[in-house]
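Coordinates in review
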Amino acid sequence: MIPVFLILLPLLTGIVGFFIKEANAAKGWALLSAVLTLVVAVAGIYFYPSAQQSFDAAWLPALGSRFTLSMDGMSKMLVLLTAISFPLIFLATYKNNYKNTGAFYALMMLTQAGLMGVFVANDALLFYFFWELALIPVYFLCSLWGGEKRIAATFKFFIYTFIGSLMMLAGILYVYFQTADHSFAWQSFYSVQMPPAQQSLIFWLFFVAFAIKMPIFPFHTWQPDAYEQSPTATTMVLSGVMVKMGIFAVIKWLLPFFPAAADKYAQVIIILSVVGMLYASLIAIRQDDVKRLIAYSSIAHIGLMSATLFTNSRVGLEGVMIQMFNHGVNVIGLWIVADAIEQQLGTRKFSDLGGLAQKAPALAIMLVVMAFANIALPLTNAFIGEFLMFNGLFSYNIWIAAIAGISIILGAVYTLNMVQKIFYGNTNAATENAVDISGNIKLALVVLVVIIIALGVYPQPMMDLTRDAVGAAMAGK
Amino acid sequence: MNAIILSALLGVVMMFSGIVTNNKSVLKYIAAVGLLLLIAANLLDTYALFKININTHGLLSFEKFGLYFNTLAFGATFIYVCLSGRDVENAGINVAEYFALIFFVLCGVSILSGFNGLLMLFLGIEILSIPLYILTGADKRNLKSNEASLKYFLMGSFTTGIMLMGIALVYGATGSFGLEAPPVIPTTGVINPSFLQVAGLLLLFVAMAFKVSAAPFHFWTPDVYDGAPSVFTSFMATIVKAAGFIAFIRLFQHQSVVLGPSWKIILSFVIIATLLIGNITAVFQQSVKRMLAYSSIAQAGFMLFALFAGNDLSREGIILYSVAYSLATIGIFAVLIKMSDYTFDGFNGLAKKQPVLAFATTIFLLSLAGIPLTAGFFAKYYMLAAVVKEGGALWLVIIALFFAAVSVYYYFKVIQAMYFKEGDAETAEVTGAFKTGLILLAALVILVGIWPSSVLNWLYF
């Protein structure tokens, strides 16, 4: 029953949220709901027997689709990430003001419900349902509360992902008719044996959907615009949690079904991913806007994950697993800092900022930790993940690993450049009267920093949690 | 048979009630009650509780499928009358006649869902079409309405000619008006149709494609849908169109073998043309009403998949598609009629002024676009699944999916206008009952979107 609660709790509280007119009540309600969801997630994953961690009920018997939810290690990890992110996001943006506050938080909670659904669905049709449903509230969030060019940017994002989803639907239908028992269950999909020639087309139908969501080069063009134009709270969800849907889907819904095609096209995808990493890193260096910089940096990090996915290496896959969680934590931290600066100073441009460290030392310390995590220095969580991933990439092809390694250097260039331009140098007119961050943001950042360092020193719990999923994904090899 | 007789009778009753009373809302209630009676009579027929038996010598045959479609069509008309009845009152002066004509159309619908010979097909199509010509021109003082009516009538009669020619050729070749599959030659195991039969069937195909506005026979659709009073466009684009498809499928379910492999080639050409023209042209429209006209062409492209696949799944699919598409379109038109400006800009800021209307319209648009959790998703799902199941046409499915993504563009333009743009959307007076009706309809769309079996199970029980 736990997965059902994880979906229902944000869903129902979200629907109630639409009717809350008073701004502070809506914020409190959202925070309460998110904390409750976190409690349910932690309790459900760590303290309840595994029998409680799945759910199965009849849904569409005529179609062979059941309402089946279950959690393997990867699902648990991503459920935890989702459950941790939302309270932190609500906390860090607690003082932000939105018109029509109730609807904003309600849509955020609906997004959470959709995301939870994606991560726990064990039936292809149900998975598709949640995959789409997570998108609709985000569409409204970005279009209603976003920046100046929000409508066009969000629409591009929506159309891109919608095309991808439809391709996936065609793929799902095709596999469905190949299953022996005409069922959408993951197990039935898994036991379909398709000849390699057939696998190729269907592989791409699925992969395009996931590649757009991640996004990897050349499907990424929606991403910087969407991240920049969305309200920052939504951007945190998008980049912290939502892009993990793509990687999650590749591991759960692609690699086990089409191993032959995955091997065949591994090189193409890895090269595309690595090209994307370098390309995004180079663009990130030239950015003058904090949000766009983080957006491009995110493409580079995701590129490394998607490249590693196809290296067929166990170590690499373990790295991807922990990095999914770590990237979520780190990028949300960076967005919180960016939002704190924008809310206070009204600008996101480096050229307008400088010398903030003197005025806001707490913020500066937090950002530096986040920045170190972003470039994967040892003692931060990302180091373990990137180390394992490069290990996998190295065993696949030493040259590709070397080229991908350049992006680490580039990552250090743009990240440290950002830190320097915002926090050091002389204060100017804009930053002269800046004050340090308020308690709520501080609390959210402290939690994130603790996670970053804790997982950087002792990543074992995360690796234990996802071990079974790695095993399952590598089982066919 | 119950439905055919009762709907014709009800049409006459409506005409006479126009003499007895001049009170427009009384007429509306008579029509609503008449529709409920019609549904009841049809249900009695479906479950063999009470049926009028007339020996039609095999010209009509009533099965579960056709009768169930009748129930759905009457139900949709009932919803339509409940939501837009007041606007029918305002369409012109002869309110009783409009309702009478609607009942005559329903008579045509019930013939089309039960015909078993080309002669009855012809009768059904004509009984369905002639009232529509009149309804299109209902707004007598409006030049556009007159133009639309005349255009529809001329094109329609021309198509009638083509259809008659087709029927004559088929009759000449086979000596029968029947729909059964042509005999197989025992020695070779193939059928050997004569040239006349093939030519006749092709002409019938053209005529039916015209009726369901499939490209390249769609040219009447935008002008007629745009010119007709909106309240009648709503009826034409939904119930009538669905009935056209039921007839189309009924006609070709056994006959398509006559055309051999070229059947699928012709059909896929028509499907792609319909999707292309409907979707691409809809993108460039300024008026929501005209956009909906083109979108109805695009939706017809999806419905043609049922014809293409021709299996059990597609039979279920066309039922579900008819329901999903009709409910959503009736809902959107009900809102559209209330708007004083039919352009996209006319919807600007509707969410602020009329949140209920905007919310319901959003659900309907999401359904038309085929987003999960709405009825439209499973409608499209069944269509595509039927084709994938047949195998060998995955490319067609992928093309269709691309166009489904295009359709999102123009449907979401309305959502953008309502929610994201500032404006002062002018609406006519909106009553609480109307809002409640819309919310119920939207709830129905979502319900079918979660449990499509709630519609489909009745096919078998």
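This structure is a prediction, so every number in the text was calculated from the model and none was measured.

1. Let's talk about the domain arrangement of chain A
Residues and elements named next belong to chain A.
- In terms of domains, chain A is made up of domain 1 (1-257) and domain 2 (267-477).
- The gap between the C-alpha centroids of domain 1 and domain 2 is 22 Å.
- Residue-level contacts link 50 residues of domain 1 with 50 residues of domain 2.
- Of the roughly 4200 Å² buried at the junction of domain 1 and domain 2 (both faces included), carbon and sulfur atoms supply 75%.
- Per-residue buried area on domain 1 facing domain 2 is highest for Met-77, Phe-217 and Glu-228; these three make up 15% of the total on that side.
- Across the contact surface, domain 1 and domain 2 share three salt bridges.
- The salt bridge partner of Arg-292 is Glu-228, with a shortest N-O separation of 2.4 Å.

2. Section: the packing of helix H11 (residues 288-309) of chain B against helix H12 (residues 312-338) of chain B
All names here are of chain B.
- Remark: H11 packs on H12, axes separated minimally by 10 Å, with the N-to-C direction vectors making an angle of 175 degrees. When the axis of H11 is compared with that of H12, the two are roughly antiparallel. On H12, the residues that touch Val-288, Lys-289, Leu-292, Ser-296, Gln-299, Phe-302, Met-303, Ala-306 and Ala-309 of H11 are Ser-314, Ile-318, Tyr-321, Tyr-325, Ile-332, Phe-333 and Leu-336.
- Grouping the constituent residues of the contact of H11 with H12 by class yields twelve nonpolar, three polar and one charged.

3. A few points about the interface of chain A and chain B
- Tallying the contact residues gives 32 residues for chain A and 35 residues for chain B.
- In total, chain A and chain B occlude about 3000 Å² of area from one another, counting both sides; carbon and sulfur atoms represent 86% of this.
- Area buried by chain A at its contact with chain B is led by Phe-129, Phe-155 and Phe-177 of chain A, which between them contribute 17% of it.
- Where chain A packs against chain B, one counts zero salt bridges.
- Taken together, chain A and chain B are joined by two residue pairs in polar contact (both at pLDDT 80 or more).

4. Examining helix H9 (residues 230-259) of chain B
Residues and elements named next belong to chain B.
- Along H9, the sharpest change in direction is near 55 degrees and occurs at Gln-253.
- Of all 30 residues in H9, 27 are buried, a share of seventy percent or more.
- Taken from the residues just after H9, Gly-260 is the one with a positive phi, measuring 65 degrees.

5. A closer look at helix H16 (residues 394-420) of chain B
Residues and elements named next belong to chain B.
- With 27 residues, H16 should reach 39 Å at 1.5 Å per residue; the first-to-last C-alpha distance of 37 Å fits that figure.
- Along H16, the sharpest change in direction is near 30 degrees and occurs at Tyr-411.
- Most of H16 is tucked away, with 20 of its 27 residues classed as buried.

Calculation rules
Residues numbered from 1 in each chain as written. Chains lettered and ligands numbered in written order. Predicted model: local features only at pLDDT ≥ 70, side-chain atom pairs only at ≥ 80, totals over all residues. Heavy atoms only, no water. Domains from an automatic or database assignment. Contact = heavy atoms within 4.5 Å. Buried area = accessible area lost by both parts, 1.4 Å probe. Salt bridge = Lys/Arg side-chain N within 4 Å of Asp/Glu carboxyl O. Axes fitted to C-alpha atoms, helices over the stretch in contact; angles between N-to-C directions. Helix = DSSP H or I, 4+ residues; strand = E, 2+ residues; numbered from the N terminus. Parallel < 35°, antiparallel > 145°, perpendicular 65-115°, else oblique. Nonpolar A, V, L, I, M, F, W, Y, C, P; charged D, E, K, R; others polar. Polar contact = N/O pair within 3.5 Å; in protein donor to acceptor, adjacent residues only side chain to side chain. Bend = angle between axes of the 7 residues up to and from the residue. Buried < 20%, exposed > 50% of the residue type's maximum accessible area, 1.4 Å probe, protein only. Expected span 1.5 Å × (residues − 1).

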